[in-house]
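# Inside the fold
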Amino acid sequence: MITFLKILFCVLFVFMCSVVISTSLESNLFEEWSYLAGIPWMKATLWDFYANVLVIYLWVFYREKSVFIKILWLILLVCLGSIATCAYVLIQLFKLKNGDSLKELFTR
């Protein structure tokens, strides 16, 4: 299961990086912002995104001991979204030792 999760999160990480890069090359978010801010679904999507960031960050906050690392991951999650989420999960998956279960992934 852990090997499957490593593969899955690697694929998601690469996919999201490619989506963000290709979209950034096609369209400048800062130039489009006034148009996007007027779309009700965009507002709902942003509220949904930041609610998810809060949930994921609570897990990160629980797991991490260093205040600096906690703040760093908050900034990364807010700025990079699912790219940062996948990176964090991958880091935690690769930190697991042989024989560890998913319980070690979710606990300190």
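For every chain, the first residue of the written sequence is number 1, and numbering continues from 1 along that sequence. Totals for whole chains, interfaces and linings use all residues, but because this is a predicted model, local features are given only for residues with pLDDT of at least 70 and pairs of side-chain atoms are given and counted only at 80 or more. Note: side-chain values were computed over all heavy atoms of the structure, leaving out hydrogens and water.

With that out of the way, let us pick up the environment of Ile 2. Summarising the element assignment, Ile 2 is placed in helix H1 (residues 2-26). Distance in space between the C-alpha atoms of Ile 2 and Phe 94 is 9.2 Å, their sequence separation being 92 residues. Secondary structure follows DSSP: runs of H or I at least 4 residues long count as helices, runs of E at least 2 residues long count as strands, and numbering of each begins at the N terminus.

Look at helix H5 (residues 82-95): 20 Å from first C-alpha to last across 14 residues, which is about the 20 Å you get at 1.5 Å a residue. Throughout this description, buried means an accessible area under 20% of the type-specific maximum (1.4 Å probe, protein chains only), exposed means over 50%, and partly exposed covers the range between. The set of residues buried in H5 consists of Ile 83, Ala 84, Thr 85, Cys 86, Tyr 88, Val 89, Leu 90, Gln 92 and Leu 93. Buried residues in H5 make contact with H1, helix H3 (40-63), helix H4 (67-80) and helix H6 (102-106). By definition here, a helix of n residues has an expected span of 1.5 Å times n minus one. Here, two residues are considered to be in contact whenever any of their heavy atoms come within 4.5 Å of each other.

Turning next to the packing of H4 against H5. The geometry of H4 relative to H5 is characterised by a closest axis approach of 6 Å and an angle of 135° between their N-to-C directions. As judged from the angle between their axes, H4 and H5 are oblique. Counting all contacts with H4, which are made through Trp 73, Leu 76, Leu 77 and Leu 80, the residues of H5 involved are Ser 82, Ile 83, Ala 84, Thr 85, Ala 87, Tyr 88 and Ile 91. Each residue is assigned to one class: nonpolar for Ala, Val, Leu, Ile, Met, Phe, Trp, Tyr, Cys and Pro, charged for Asp, Glu, Lys and Arg, and polar for all the others, Gly among them. Residue classes in the contact of H4 with H5 are distributed as nine nonpolar, two polar and no charged. Lines fitted to C-alpha atoms define the axes here, with helix axes fitted over just the stretch in contact, and angles between the N-to-C directions of these axes take values from 0 to 180 degrees. In these notes the angle categories are as follows: under 35 degrees is roughly parallel, over 145 is roughly antiparallel, 65 to 115 is roughly perpendicular, and the rest is oblique.

Distance thresholds for patches are 9 Å for like charges and 5 Å for nonpolar side chains (Val, Leu, Ile, Met, Phe, Trp, Tyr), applied to residues having over 30% relative accessible area and no salt bridge. Accessible surface is estimated by sampling points in the Shrake-Rupley manner with a 1.4 Å probe; for residues, cover comes only from the protein chains shown. We count a salt bridge whenever a side-chain nitrogen from Lys or Arg sits within 4 Å of a carboxyl oxygen from Asp or Glu. On the surface, a cluster of nonpolar side chains totalling about 400 Å² of accessible area is made up of Met 1, Phe 4, Leu 8 and Leu 12. Here Phe 4 lies in helix H1.

Bringing the packing of aromatic side chains into the picture now. Where two aromatic rings form a pair, the distance of their centres and the angle of their planes describe that pair. For Phe, Tyr and Trp, where Trp contributes only its six-membered ring, two rings pair if their centres lie within 6.5 Å, and the inter-plane angle classes them as stacked under 30 degrees, edge-to-face over 60, or tilted in between. In total, this model carries five aromatic pairs according to the counting rule given. With a centroid separation of 4.6 Å and 75° between ring planes, the pair formed by Phe 49 and Tyr 50 is classed as edge-to-face. Residue class for Tyr 50 comes out partly exposed when judged on its relative accessible area of 38%. As a reminder, the over-ring test applies to NZ of lysine and CZ of arginine, requiring each to be within 6 Å of the ring centre and within 35 degrees of the ring normal. Against the face of Phe 61 rests Lys 70, its NZ or CZ located 3.9 Å from the ring centre.

Further remarks concern the confidence of the model for the chain. The predictor rates its confidence in each residue with pLDDT, a number between 0 and 100. With 100% of its residues at a pLDDT of at least 70, the chain reaches an overall mean of 94. Confidence scores differ between elements of the chain, with H6 showing the lowest mean pLDDT of 86 and H4 the highest of 97.

Next up on the list: the nonpolar core. Residues Phe 9, Val 60, Leu 77 and Leu 93 are the most contacted members of the largest nonpolar core, which totals 17 residues. Every element with two or more residues in this core is listed here: H1, H3, H4 and H5. A per-element tally of this core places H5 first, with six residues. Aside from chain neighbours lying at most four places away, what touches Val 60 is Trp 73, Leu 77 and Tyr 88. Put simply, buried Ala, Val, Leu, Ile, Met, Phe, Trp, Tyr and Cys residues joined by side-chain atoms within 4.5 Å make one nonpolar core.

With that settled, the discussion passes to the side chain of Glu 64. Following the sequence through the fold, Glu 64 ends up in the loop between H3 and H4. When charges are counted, Lys and Arg contribute as positive and Asp and Glu as negative, whereas His and the chain ends are disregarded. Summary of buried charges: Glu 64 has no salt-bridge partner, and the nearest side chain of opposite charge, Lys 95, is 5.1 Å away. Not counting residues up to four positions away in its chain, the partners in contact with Glu 64 are Ile 69, Lys 70, Tyr 88 and Gln 92.

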